[in-house]
Amino acid sequence: EDGTILWANNAELELLGYPADEYIGHNIAEFHADLHVIDDILTRLRNDETLTGYEARVRCKDGSLRWVATSSSVYRKNGKFVHTRCVSVDITAQKGIRDLQQRLSAIVESSDDAIIAKDLNGIILSWNRAAQRIFGYTADEVIGRHISILAAPDRADEIPDILSRLRRGERVDHYKTKRKTKDGRILTISLTVSPLFD
């Protein structure tokens, strides 16, 4: 109940890099990077909460930190706390990807440049705040529509050519052209279009 480790399987020991004698019998707080987190976990378990996918940082023997998603519950016998059962899944890679996605999303949203994603058919998939400010359409108004809604009347033939180049994996750099806003104004813009690969 106080967080003393009573048993651990080989996967847990390998994840953290500790031999059994340096892990079993020690308090779990020694291996957590954030003491307030382990305090919260132990308090919840003492209160008979079941934890599912609780994210925490653990400290490996080599000093590195790993993210785990922990699912845990308490086993009681005759109403008395016997031990917890805990399964931890290493989510370090997924957490890194999620954090990177959030940072990139923040960069796109805070940009002064219109950043628009579309598929190879020209259907708009994403639309940042600068695109809304520049072209006048909200994301809800354009996502799912064809990029040609922005084409100036005398430049509509450019879009199929640009999409064709993208399908070939080509990049279009600093292409000077004209685009139309929601209220009908014609803007001169410098367009850069890059294919994104999975």
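Refer to the structure presented above.
Here's what I pulled together on the structure shown here. (Residues numbered from 1 in each chain as written. Predicted model: local features only at pLDDT ≥ 70, side-chain atom pairs only at ≥ 80, totals over all residues. Heavy atoms only, no water.)

Position of Glu-158 relative to the elements: it lies in helix H6 (residues 158-167). Glu-158 gets classed as buried once you look at its relative accessible area, which sits at 9%. (Helix = DSSP H or I, 4+ residues; strand = E, 2+ residues; numbered from the N terminus. Buried < 20%, exposed > 50% of the residue type's maximum accessible area, 1.4 Å probe, protein only.)

This part is about helix H2 (residues 35-46). For H2, spanning 12 residues, the distance from its first C-alpha to its last is 17 Å, which sits close to the expected 16 Å at 1.5 Å a residue. Listed as buried for H2 are Val-37, Ile-38, Ile-41, Leu-42 and Leu-45. Each buried residue of H2 lies within a common arc of 130 degrees when the element is viewed along its axis, so the set occupies one face. Facing away from the buried surface of H2 by more than 90 degrees, the exposed residues are Leu-35 and His-36. Next to the buried residues of H2 lie strand E1 (51-59), strand E2 (65-77) and strand E3 (80-90). At the C-terminal side of H2, Asp-48 shows a positive phi close to 65 degrees. (Expected span 1.5 Å × (residues − 1). Arc of directions from axis to C-beta. Contact = heavy atoms within 4.5 Å.)

What follows covers the pattern of salt bridges. Counted under the stated rule, the structure contains 17 salt bridges. Of the charged contacts in the structure, one is a salt bridge between Arg-44 and Glu-49, with a shortest N-O distance of 3.7 Å. Glu-49 gets classed as partly exposed once you look at its relative accessible area, which sits at 34%. The residue Arg-165 makes a salt bridge to Glu-170 at a minimum N-O spacing of 3.3 Å. (Salt bridge = Lys/Arg side-chain N within 4 Å of Asp/Glu carboxyl O.)

Let's shift gears to the environment of Ile-24. Looking at the secondary structure, you find Ile-24 in the loop between helix H1 (10-16) and H2. Of the residues examined, Ile-24 reaches a relative accessible area of 30% and is grouped as partly exposed. Separated by 52 residues in sequence, Ile-24 and Arg-76 have C-alpha atoms that sit 21 Å apart. What Ile-24 contacts, discounting residues up to four positions off in sequence, is Ile-5, Leu-6, Trp-7 and Ala-8.

Quick look at unusual backbone geometry now. With the exception of glycine, the majority of residues adopt a negative phi angle, and the majority of peptide bonds are in the trans configuration. Even without a glycine there, the phi angle at Asp-48 is positive, about 65 degrees. As for its placement among the helices and strands, Asp-48 is situated in the loop between H2 and E1. The backbone of His-174 sits at a positive phi, close to 45 degrees, despite the residue not being glycine. The class for His-174 is exposed, based on a relative accessible area of 62%.

Before going further, it helps to spend a moment on the packing of aromatic side chains. The final tally for this structure, using the stated rule, is 4 aromatic pairs. Relative to Phe-31, the ring of Tyr-23 lies with its centre 4.5 Å away and its plane at 55 degrees, an arrangement referred to as tilted. The class for Tyr-23 is buried, based on a relative accessible area of 2%. For Phe-31, a relative accessible area of 2% translates into the label buried. One aromatic cluster is present, built from ring pairs that chain together Tyr-18, Tyr-23 and Phe-31. Its end group placed over the ring of Trp-67, Lys-95 keeps NZ or CZ at 4.3 Å from the ring centre. (Phe/Tyr/Trp six-rings, centres within 6.5 Å; stacked < 30°, edge-to-face > 60°. Lys NZ or Arg CZ within 6 Å of the ring centre and 35° of its normal.)

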